Amino acid sequence: MTEALMIAGMAFVTFGIRYIVLASAGHFTFPSWAKSGLNFVPPAVLTAIIIPAVLIPNGNGIEFHLQNASLLAACVAMIVGLIRKDLLTTIVVGMIAFGLFKWLL
Amino acid sequence: MMSEAQAPDNCCVIDESQNISGSEILQEILSGSRATLPMVVGAIPFGIIFGTLAEQSGLSPFGAIAMSIFVFAGSSQFIALGLLAAGTGPLIIIATTFIVNLRHLLYSAAIVDDVKHLSGPWRAVIAFGLTDEAFATIVDKIRKSDDAWRLRSVQWFYLGSFGTMYGNWILCTIIGITLGELVPEMSNWGLDFAMSATFIGMVLPYLNTRPMMACVLVAGAMSLGTADMPHKLGLMVSALSAVAVGLSYHLMSRRK
């Protein structure tokens, strides 16, 4: 029951965000500072997810050392992403690196 | 035809859309589907991984499918799994979904002028399907096409584009759930790192201005500092502080 309510809530806010501007057919416009602000949302949210996932992989404290396979693989993914600028390559190489480091360590 | 209910000032639009024949509609749908295909292929691993991770995160198979059908927003679905696995309550998960999907406001604002000739139900369909992929596809197509095409065919092209993405997403979720049940040890393969790798690849293209770098640095530092906050509230606190810093930096550097 809680699960159904949670999914309904998620569906409601997601559709609401996507629909509000289209529903008003352009009568509803953003001030330019709000538009600029929205640009910062994706990298902010994604970074706030990535950093703990990579640095606190086991949920007990920051693991900033070379035995941390997620950290090493994340560095590889970053380098590949900066060089190749291609999402799928970044993901595939990152996952292979993660598998390798996990196996090696 | 759905676009009959038009404001009077859009009279010409009705003529345009009434001219379109069944076979042309089919062609537009197919062409939209084809244009989205590379991104559909890219989404396959994520749909499958989402389905595979669902059960171990505490989401029922039925809930996972329902999420793909009704929410249809990849990154927030993954984040919801992460939060569920950490024992987070539904209200925080819904609030986080809201923050994570706020970027779609930009998408709808970017295309509203190109679709405002369409009827209310059509605009609702477009809104429902407005994922990162559908947005990228339709913007690219509109940029390459003329107004006559847009007024006549944009909704059919979009339907093909979003429909392919949507069907694929639901199908891959089901495949993932099935795989997860057939091969339980898959959860040890480190598939969850796929999410980190994906997000890294998505953040990198943003890092081309100083305000953006400041925003990302604040998000990263805050996320470590707030990691112990209850209910995973740290994610929202970090993201909002990072946006505030990035935006202030942006506004200040423009004023000079």
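Residues numbered from 1 in each chain as written. Chains lettered and ligands numbered in written order. Predicted model: local features only at pLDDT ≥ 70, side-chain atom pairs only at ≥ 80, totals over all residues.

**So, the overall build of chain B**
Item 1. When its secondary structure is counted, chain B shows 12 helices and 0 strands.
Item 2. Taken from N to C terminus, the helices and strands of chain B fall in the order α-α-α-α-α-α-α-α-α-α-α-α.
Item 3. Overall, the C-alpha framework of chain B stretches about 60 × 60 × 30 Å when taken along its three principal axes.
Item 4. Sorting the 256 residues of chain B into buried and exposed places 48% on the buried side.
Item 5. A sequence separation of at least 24 residues applies to 75% of the contacts in chain B between residues at least 6 apart. (Helix = DSSP H or I, 4+ residues; strand = E, 2+ residues; numbered from the N terminus. Buried ≥ 20, exposed ≤ 12 C-beta atoms within 10 Å, placed from the backbone. Contact = placed C-beta atoms within 7 Å.)

**Observations regarding the overall build of chain A**
Item 1. Secondary structure summary: chain A contains 4 helices and 0 strands in total.
Item 2. From first element to last, N terminus to C terminus, chain A shows the α and β order α-α-α-α.
Item 3. In terms of overall size, chain A is more extended than a compact globule, its C-alpha atoms giving a radius of gyration of 19 Å where 105 residues would be expected to give roughly 13 Å.
Item 4. With respect to the three principal axes, the spread of C-alpha positions in chain A is 55 × 40 × 25 Å.
Item 5. When each of the 105 residues of chain A is scored for burial, the buried share is 42%.
Item 6. Counted over contacts in chain A with a minimum sequence separation of 6, partners at least 24 positions apart contribute 27%. (Rg over C-alpha atoms; globule rule 2.2 N^0.38 Å.)

**Quick word on helix H8 (residues 132-144) of chain B**
All names here are of chain B.
Item 1. Given a rise of 1.5 Å per residue, 13 residues ought to cover 18 Å, and the 19 Å separating the end C-alpha atoms of H8 matches this to within 8%.
Item 2. For H8, the full list of buried residues reads Glu133, Ala134, Phe135, Thr137, Ile138, Lys141 and Ile142.
Item 3. Along its buried surface, H8 packs onto helix H2 (22-57), helix H6 (103-115) and helix H9 (147-182). (Expected span 1.5 Å × (residues − 1).)

**Topic: unusual backbone geometry**
All names here are of chain A.
Item 1. The phi angle at Lys85 is positive, at roughly 50 degrees, despite the residue not being glycine.
Item 2. Among the structural elements, Lys85 can be located in the loop between helix H3 (69-84) and helix H4 (87-104).
Item 3. The class of Lys85 is exposed, set by 12 C-beta atoms lying within 10 Å.

**Considerations on the interface of chain A and chain B**
One widely used convention gives an interface's size as the accessible area the parts lose upon coming together.
Item 1. Contacts between the two partners involve 59 residues from chain A, matched on the other side by 68 residues from chain B.
Item 2. Among the elements of the structure, helix H1 (2-23), helix H2 (32-55), H3 and H4 of chain A are those that each provide at least two residues to the side of chain A that touches chain B.
Item 3. At 21 residues, the largest contribution of residues to the side of chain A that touches chain B is made by H2(A).
Item 4. Among the residues forming the side of chain A that touches chain B, the class breakdown is 43 nonpolar, 12 polar and 4 charged. (Nonpolar A, V, L, I, M, F, W, Y, C, P; charged D, E, K, R; others polar.)

**Looking at the packing of H2(B) against H9(B)**
Think of two packed helices as two axes; the pair is described by the angle between the axes and how far apart they sit.
Residues and elements named next belong to chain B.
Item 1. Contact pair H2 / H9: the axes reach a minimum separation of 6 Å and the direction vectors enclose 25 degrees. Taken together, the axis directions place H2 and H9 in an arrangement best described as roughly parallel. Read as a crossing pair, H2 and H9 show a hand that is right-handed.
Item 2. Its residues assigned to classes, the contact of H2 with H9 shows 22 nonpolar, 16 polar and 2 charged. (Axes fitted to C-alpha atoms, helices over the stretch in contact; angles between N-to-C directions. Parallel < 35°, antiparallel > 145°, perpendicular 65-115°, else oblique. Left-handed = near helix turned anticlockwise from the far one by under 90°.)

**Here we look at helix H11 (residues 210-225) of chain B**
Item 1. Taking 1.5 Å per residue, 16 residues should reach 22 Å; H11(B) reaches 22 Å between its end C-alpha atoms and fits that length.
Item 2. Buried within H11(B) are the following residues: B:Pro211, B:Met212, B:Cys215, B:Val216, B:Val218, B:Ala219, B:Gly220, B:Met222 and B:Ser223.
Item 3. Packed against the buried residues of H11(B) are H2 of chain A together with helix H10 (192-203) and helix H12 (233-255) of chain B.

**A word on the nonpolar core**
Item 1. If you look at the biggest cluster of nonpolar residues, it comprises 103 residues, and the most contacted ones within it are A:Ala44, A:Ala48, A:Ala73, B:Cys215, B:Ala239 and B:Ala242.
Item 2. The residues touching B:Cys215, leaving out its near neighbours within four places in the chain, are A:Phe40, A:Pro43, A:Ala44, B:Ala242, B:Val243, B:Val245 and B:Gly246. (Core = buried A, V, L, I, M, F, W, Y, C linked by C-beta atoms within 7 Å.)

**Things to note about the domain arrangement of chain A**
Item 1. When its domains are assigned, chain A resolves into domain 1 (1-30) and domain 2 (41-104).
Item 2. The gap between the C-alpha centroids of domain 1 of chain A and domain 2 of chain A is 31 Å. (Domains from an automatic or database assignment.)

**Let's talk about the domain arrangement of chain B**
All names here are of chain B.
Item 1. Under the domain assignment used here, chain B contains domain 1 (2-188) and domain 2 (207-255).
Item 2. Taking only C-alpha atoms into account, the centre of domain 1 sits 28 Å from that of domain 2.
Item 3. Counting from both sides, the interface comprises 8 residues of domain 1 and, opposite them, 6 residues of domain 2.
Item 4. At 4 residues, the largest contribution of residues to the side of domain 1 that touches domain 2 is made by helix H5 (residues 90-101).
Item 5. Of the residues that constitute the side of domain 1 that touches domain 2, the class distribution is 5 nonpolar, 3 polar and no charged.

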